[in-house]
Structure formats: C-alpha cells, structure tokens
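Spelled out, the chains give:
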Amino acid sequence: MGKKVKKEVEPPPKDVFDPLSIESKKAATVVLMLNSPEEEVLAKACESIYKFASKGDENKVTLLGLGAVEPLFKLISHEDPLVRRNATMVFGIMASNNDIRKLLRELDVTNSVIARLAPEEDIIVHEFASLCLAHMAVEYTSKVQIFEQGGLEPLIRLLSSPDPDVKKNSVECIYHLVQFGISLQDFQSRAAVRELNAIPPLLELLKSEYPVVQLLALKTFGVISNDRETRVILRENQGLDHLFKILETKEFNDLHVEALAVVANCLDDVDTMQLIQQTGGLKKLLSFAEVSAIPDIQKNAAKAIAKAAYDPENRRILHEEEVEKCLVNLLGTDNDGTKAAASQAISAMCENLASKDAFGNQGIPQLVQLLSSDNEEVKEAAAIALANLTTASPTNVSAVAEAEGIEPLINVLSAKRDGTIANATTALTNMATQEPLRLKIQNHGVMNAIVEPLQSTNSLVQSKAALTVAALGCDADARTELRNANGLEPLVKLLHSKNDEVRRNACWAVMVCASDELTAVELCRVGALDILEEINLSTGRKNNFSEGALDKLLDNNLSQKYSQMGYLSSSNIITDGFFDYGQVKPGVKLLSLEELCTQELNDRRAIILVNAKLPEVSLSAEDKSQELCSGRTTSSSSFRKSSKERTSSVVSPVEEKQEASGRSPSSLTKSSTREKGSRKGKGKKEEERPKEEEELQTMLKVQEVVLEKLPWLPPFDSILLDYIIDASKIILPLTTTKEQVVALAQFVADKMGGPIERDKLHEFSWELHISEIEFELKCNVVPIGKIKKGTFYHRALLFKVIADRIGIGCSLVRGEYGRAWNEVKLVDDSPQGITGLLLPPQVYIVDLMYQTGYLMKQKSAEADSYQRI
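Cut-off values and rules
- Just so you know, the residues in each chain are numbered from 1, in the order the chain's sequence is written.
- It should be noted that, the model being predicted, local features are given only for residues of pLDDT at least 70 and side-chain atom pairs only at 80 or more, the latter also being counted only at that level, while totals for whole chains, interfaces and linings use all residues.
- With hydrogens and water set aside, each side-chain value is computed from the structure's full complement of heavy atoms.
- Helix numbers and strand numbers start at the N terminus; a helix is a DSSP run of H or I with at least 4 residues, a strand a run of E with at least 2.
- Any residue under 20% of the maximum accessible area for its type is buried, any over 50% is exposed, and the rest in between are partly exposed; the area is computed with a 1.4 Å probe on protein chains only.
- We call two residues contacting when some pair of their heavy atoms lies within 4.5 Å.
- The method behind every accessible area is Shrake-Rupley, applied with a 1.4 Å probe, and residues are considered shielded solely by the protein chains displayed.
- In this scheme, strands are said to pair when DSSP sees at least two bridges between them.
- A fitted line through C-alpha atoms serves as each axis, taken over the contacting stretch for helices, and the angle formed by two N-to-C directions is quoted from 0 to 180°.
- Salt bridge, as used here: a side-chain nitrogen of Lys or Arg that lies within 4 Å of a carboxyl oxygen of Asp or Glu.
- Aromatic pairing here means that ring centres of Phe, Tyr or Trp (its six-membered ring) are within 6.5 Å. Orientation follows from the plane angle: under 30 degrees is stacked, over 60 is edge-to-face, and everything else is tilted.
- Whether a charge sits over a ring comes down to the Lys NZ or Arg CZ being within 6 Å of the ring centre and within 35 degrees of the ring normal.
- Only a pair of cysteine sulfur atoms within 2.5 Å counts as a disulfide in this structure description.
- For a helix, the expected span equals 1.5 Å multiplied by the number of residues minus one.

Peer 1: Is there a simple way to explain the overall build of the chain in this structure?
Peer 2: The number of helices and strands found in the chain is 50 helices and eight strands. For the chain, with 869 residues in total, the buried portion stands at 51%. Looking at the chain alone, contacts between residues at least 24 apart form 67% of all its contacts between residues at least 6 apart. Accessible area for the chain stands at about 43,300 Å²; split by element, carbon and sulfur atoms hold 51% of it.

Here it is as structure tokens:
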C-alpha cells in the first residue's frame, strides 16, 4: 500500500483581518463607527442610531453632544444606497429637535436633503428627507434656503407619491413654505405654488383616506387662497365642489373649520360669490352656519361673511340671501368668539342700506345686551356695530334708545379697549342728533363719563370724545356738567394735538362749549384763548373751527375780549358782571371778578364794573337758620366781605336809604327785632326778657353763619339800574334811532360830569374823583354808577351798556391814551325831492365829551380829532 501524503492548509494572507462581530451598548461607540470606511458597518451604525434617536428627545440631544450630526450629514450623500437611506432616516427624526436644527442650518444641509427627493431615490428616503425638510421649514431662515435651493418643485411632485407618509410630509413642508407673511419670499412661494401647478394634486389630497393629509391640504389652501389668482385656478378646477362635499359630510366635521376658511377666502371674489349663489351653495353655507353645533364653524362662517361684505356687490348678494337673519341668530349663541364675529359681520353689512334697516328691526336689542358682556372683544365688536348702525340712520338711533342702549353705551366709555370707547362715543354722537335723545343722554351723566376718554392717549378716542362733546355741549346743562366735572382742561389740552382730526374736533367742541359766559371764562382760564390764537397764526394747524372757536370764546367772555382786542361790536351785548380791566397784551389772562374784588387796593387803573342785576330778596333769619340746619344755601342780596377785608362798593336801594338816615342794616334788624320782642312781651313779666334777648343773639349768630355760607355775588349797582330805568323812559318814546342816539348821548354825558370844553379838558379832574371812590371802597373795582366825573372810556362804556339794554345797536372801540368811543349805524334821509330811496347806513361816532350828542361821520376830520389827543 502506498504511503498517504498529508495536504497542507494554506494560511490566510497576512493583510486580511478576520471577521469580527461586535455588540456595543454605548452610543458613543456607535457614533465612532460612523467614520468607518466599511459600508456594512456604516449601514448598521446608522440603523442603531435611528432606533436610539426614535426613543425620545433626550437621546437626540445625547447624539448631538457625541458629535453624531456631522458624520451623518456626510452619509446622507453616500454612494451606497443602504447607507444613504439609513443616514437620511436618522436625519429625518433628529430634525425635530431645535438645537439640532440650528446645527443643520450652520452646516447648510438643505441642498443635500433636497437632493434626496430625486425620483430615483427609494420611497423611504423620500419619506424621511421630506420629513427633515418639514421640520426645518418651521423656521424662516431654513424656509428661505429651501425655496432658494429649488426644494418646492420636488415637494410638489411628491404630492402624487403612492406613499401616504411622503404625501403627508411633502404637503406639511409646502404649508410651512407658503405661510402668510409680508416678505417678498412669502409672496414668491405662493406664486411658485401656482406656477408649478400644485393646485390639482393638492385637491386630490382632499380625497385622501387619511384625515391628517386632508387637514394639511386644507390648511395649505387656506393660505394660498388669499391670492386672487389662486382662487381663480381653484374655481376652474372645481375646487369649490370638493370643499362643499367636505362641509356636507358629517364624518368630516373635524375638517369643517379649515374647509370653511378656504370658502371664506373664495367669497372675496364676486364671480365666485355669484357662482356659489347660483349653485345654491350660499344658502347651504348660511344654513350650515346656523345649525352647526361647533362654535368655531359658526365663528368662521361669520368671519367669512364679514370678509365678503367689504365688496358692494357681495353685500347685495348676501342681502338677497337674507344673511341678516343668520347673523342675528349667531348673536344669540353661547360662544363669545361667534358673537364677536357676527357683530363684525353686521358692521360690514351696514354699508348696505337695506341691510342696515333690516338689522334695526331685529339685531339692535341683542347688540345692546352684548355691551354688558364680560368679554372685551364682544363688547368692542358690539360697539362698532352700533356705531355703524346709527350713522345716518334716525330709525336705528330710535331703535337703540328703545332698546335702552343709552346707559350701556355710557358705561362702556370706561372700557379697557380703545376701540370700544371710540365707537361708543360715535354711537352717542349719532344719537345726540335727536334733541329728545340728547336730553336723555345728558340725564345719564354722559359729561362726567366723557372726561376719561378726553384724557386718553389714543388719538382716535381723543377725536371721537371731542366730537361727542361738540354734539352734546349745545345744551347749557351739559356744559355745566362738563365744567363741574373738570372736563374743560383735558379738552383744551387736545388743542395741542399734532393730529389734525383731534385738533379740529377739539376746536369744534371748544366753540360749542364757549356758548355761555361761565364756560367761556373757564376755558380762558385753562388756556384755550392762547392756544387758539397760536393755532390761527399757523397756516398748517388752523382749521374751519379754530377761528370760530376763538371768536365764540371772546364773544362770551366780553371782559377778556374788550381788554385784549379793544373792540365790542353791536352784537356783543354787555351783560351784568362785565368789567373793563383796561388794555392787556395777548396771552394775559384776566383774574375772575371775585379775585379782583378781593385784591388789596393798589395804584393801577381802576377796574370798571357793570352789574345792574337786582339782588334776590333776602330770607328771614328764621328761614336761613332752617336752611342752614337742612344743609341748603341761598343767594344773598348784599355784597359780603371775604376772609380779607372786602368792603361793599354799592349798596341796595333800601340800604342806601338806611345809610342816609344814619341807621345800618344791622341796627335796623336789631331794633326791629327788639320792637317785635317788646310787642310779643306785652303783659309778660320782666324776668322773661333776658331769655328773649338770648334767643335774639342766637338768631343773629345763625344769620351771620348763613351769610358766610352763601356763594359770592358781585356788588349790585343800584345807580346804574336807575340810569337804565330813567333812560328807557326818556329815550324809548322817541321815534327815530338818530333821536334816540342823541338823547342817550346827552343823558350819559349829564351823568358823567356834563359836556367839557375842549381846551379845558385838562382841568377836568376825573382821575382824582376815581381815586377817591377807590379809597372809599378800599377796592380796585369801581361800579360804573358811582362815577360822577367820567372821561372818554367811562362815558363810552356807559353809553354801550344802556344802549344794549334798550335796543340801540352800537359798538365800543378803545383808542390810545384813555380814549374810547361808540360807533352807530344810521340811515341818512333821502335827498331833497327824492322819495322812497333807501340809502345804505353810514357809520357815525357819537360825541360824549364836547358837543354831547353830536354825530361825526367815521373817518372825517372831526371824528379823527375826537379819537386822538
């Protein structure tokens, strides 16, 4: 037998590593494997990291800390399909983390991820690459990168993918890319969606069996349908049919809100509105909104109507479909958002007059109730609706009043939202056009409530509040209420506003409020006069009401007007309480008459007072004591002293007679009381008299306290009252105005020292006479009736005062160096031989100093001589 030969086994090559299976439980080890040159190791490492990252966000952060992102970024472009797929899967889920997305932006991975959307790639690669892009598109910077690097086209192509996850991720990314914004890129993205023909595949997604895909498609339509061109394409591709099918399918109720939002955008187009009306869709939509039990659906339906109603033709169509009934029903829902949206829709529909009338019959009571809502948005929307409904609609104004809307409107003037306040004031202004309602509004204390809006920092609120004051201030009680509520000062501050409308309405309000003397004086005190003068000097700031406000302010504060302007026209009727302070510079505000009366005697020019108002009859001490006990006060007929030594400058006729007989009012009171006491005490015993004396002293003390409590009154000028009565008896019977003027001039001159020879004027010592009166009264204020030696400006003032009382039209002009004169308009007789010729009136200056009663034609040499030294 032959010998067996043993075959030697050939050893492996020295440079070949034996296969090694490794089982690792550390993520760091696997991350290190991402740098391996072996494709199998890379694929398995990516797969393991995918499973680890899928378990939670903490694991993703751990991988970020281990530096896994950078090597993974390289692997998504690996030449091996399996490695590329697994790396893309990891990227897709890790991109949901904010910190990882930030790093991805720094690494500029967008282009590489978009490349994975190529048609030749695996569906799983498409799924996770689109998922990665969907996560990144949430942030604006990444959104711009995706658009600029051409990511929109492959995403639109993948909308037709057979895989539902790819569709879901692609439409979600597109939704983020077209999010509504104002940047150029946002507009470009929406335009690109149209140009890349994305509408048909998006409509197909509405038929998907997966609700999340349908929802994302509807949300995308909700954004891109804001563009008119998109709405046209949507209409051409029967998109409205798809939308209404969703709305009509109860199983799709979770999609109704988004579908309605798209329909709302489509209603902006008149053509679409007409199409929906013709197909019966509009009636279905309104019915759907009414019967739906989902608040968001009702709210969005109301918003859709409001949006569509901004077009006149749409308003007409909606009115034809009786949209008013639907909106009124929505006002009665329990959802605040729906109520607010319905109120906004009513506001928009008010532009249609027929709709405005319809709401007046059925919607106003509900809106008035909403003014008392605890929800500020509802309150504001209701106020806006009522403001629009009452504009140029007397019927609706009456309807608001009948619904007892005045008090709620006034109450919301203190609301938190500026829009609520502004529109409530507008509604009140609209209602104030009817006098009976204006009085009702005033009775509810509106002027107290309007003070706060006047102090608002919002220019719209300021403007509307000032306009409300202008509408309501035409009544004296309203002006008094505003004045007592300290509302004039904030109103005057609005004159400083840089906003033209605020300034204009403030001027209007001041002009209206300056209709009585007390309010006009107070307006001057808080600076209205200075501001209006400043405004009228500016061509850019003055307006139609600023000049009128200034004139009205001065016309109802004649003391200020005459001191500042040196002129009173025939229409400026001097009333009791007027005083001539003398010429003042512009901007100087006069003190009140009470303040002037309480000043210490000084060496400045005497202030001439006009006050012939009869004092009210004083009550008995017993009545006054009863009033004092009950907390009431009554006007006094006497000129009382202030806390400083205030001495009466004029006494009543009764007191004057008492002074002439050497008996003072107090002595008369005491003596009469004693007499009364003695009469009552007849037959009484002597020991009862001390008790009566004690009662008398108590009564007098009560009377003194009452007098101190009564309001201050200017001193009564009984002499002036006698002048007026006597002049009326003498002058009124005269037949012609000329005769009356001449007679009045002679009457005034006679009371003021008679005619003076021109060359002896310097001997007429009127200054000493005035000083003596001031010293006697211990006061700078001198009643005009006390003056027996008067110069030009005393006589001219007295002439004007009496002329105004008896109906003779004349003006009062202040000249220089103490000169003043009166101007009257008289019609000259017709030339001889001509009858029936009516000549225009001529202006004459009345001589009160030299040839008393002589009439000089204005601008004549003799008139010029009279006016100057």
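Further notes follow.
Peer 1: Just to check I follow, could you spell out the sheet that holds strand 5 (residues 811-814) for this structure?
Peer 2: The pairing of strands in a sheet comes from backbone hydrogen bonds and takes either a parallel or an antiparallel form. Strand order in the open sheet made by the five strands is 1-5-6-7-8, with antiparallel pairing throughout. If you trace the sheet from one side to the other, it starts and ends with strand 1 (567-568) and strand 8 (855-857), each paired once. Sheet topology note: the strand 6 (residues 820-826)/strand 7 (residues 842-846) ladder contains four bridges and is antiparallel. The residue bridging Leu826 from the neighbouring strand is Gln842, located in strand 7. Strand contacts of helix 49 (residues 792-806): strand 1, strand 5, strand 6 and strand 7, with the helix running at about 40 degrees to strand 6, the strand carrying the most contacts.

Peer 1: I would appreciate a short explanation of the pattern of salt bridges in the present structure.
Peer 2: A pair can form between side chains of opposite charge whenever their charged atoms are brought close. Scanning the model with the defined rule gives 32 salt bridges in all. A single salt-bridge network, built from bridges that share partners, covers Arg84, Arg116 and Glu121.

Peer 1: Any chance you could explain the packing of aromatic side chains here in plain terms?
Peer 2: Aromatic ring pairs are described here by two measures, namely the spacing of the ring centres and the angle between the planes. All told, the structure shown has eight aromatic pairs when counted by the stated rule. Between Phe792 and Tyr850, the ring centres sit 6.0 Å apart and the planes meet at 75 degrees, which makes this aromatic pair edge-to-face. Linking Phe792 in helix 49 with Tyr850 in the loop between strand 7 and strand 8, this pair joins segments that are 58 residues apart in sequence. Here Phe792 and Tyr850 have matching classes, each one buried. In this structure an aromatic cluster arises from ring pairing among Phe792, Tyr850 and Tyr866. Sitting over the face of the ring of Tyr581, Arg604 holds its NZ or CZ atom 4.2 Å from the ring centroid. Taking the ring centre of Tyr562 as reference, the NZ or CZ of Arg814 above it sits at 4.1 Å.

Peer 1: Honestly, the state of the cysteines in this entry has me stumped. Any pointers?
Peer 2: A covalent bond bridging the sulfur atoms of two cysteines is what the word disulfide describes. Following the criterion strictly, the structure yields zero disulfides and no others. Cys779 carries a free sulfur, and the closest cysteine sulfur to it, the one in Cys597, is 4.9 Å from it.

Peer 1: Looking at this structure, I do not really get the sheet that holds strand 2 (residues 578-580). What am I missing?
Peer 2: Across the sheet, three strands lie side by side as 2-3-4; this open sheet has mixed pairing. Two strands bound the open sheet, and with one partner strand each, they are strand 2 and strand 4 (781-783). Here the strands of the sheet are splayed against their neighbours by 30 degrees on average, with no regard to which way each runs. Pairing analysis gives three bridges linking strand 3 (residues 607-610) to strand 4, with the strands arranged parallel.

Peer 1: Looking at this structure, I do not really get helix 20 (residues 295-308). What am I missing?
Peer 2: Because the α-helix completes a turn every 3.6 residues, residues three or four places apart line up on one side. Relative to the 20 Å expected for 14 residues at 1.5 Å per residue, helix 20 spans 20 Å between its end C-alpha atoms, a close match to the ideal helical length. For helix 20, the complete set of buried residues consists of Ile297, Gln298, Asn300, Ala301, Ala302, Ala304, Ile305, Ala306 and Ala308.

Peer 1: Would you mind going over the pairing of strand 7 with me for this structure?
Peer 2: Residues in a regular strand project their side chains so that they alternate between the two faces of the sheet. When strand 7 meets strand 8, the two strands line up antiparallel, connected through three bridges. Across the sheet, residue Ile845 finds its bridge partner in strand 8, namely Met856.

Peer 1: What is the right way to read helix 40 (residues 558-565) from this model?
Peer 2: Of all eight residues in helix 40, seven are buried, a share of seventy percent or more. All buried positions along helix 40 are accounted for by Leu558, Ser559, Gln560, Lys561, Tyr562, Ser563 and Gln564. Of the residues trailing helix 40, Gly566 is marked for its positive phi of about 70 degrees.

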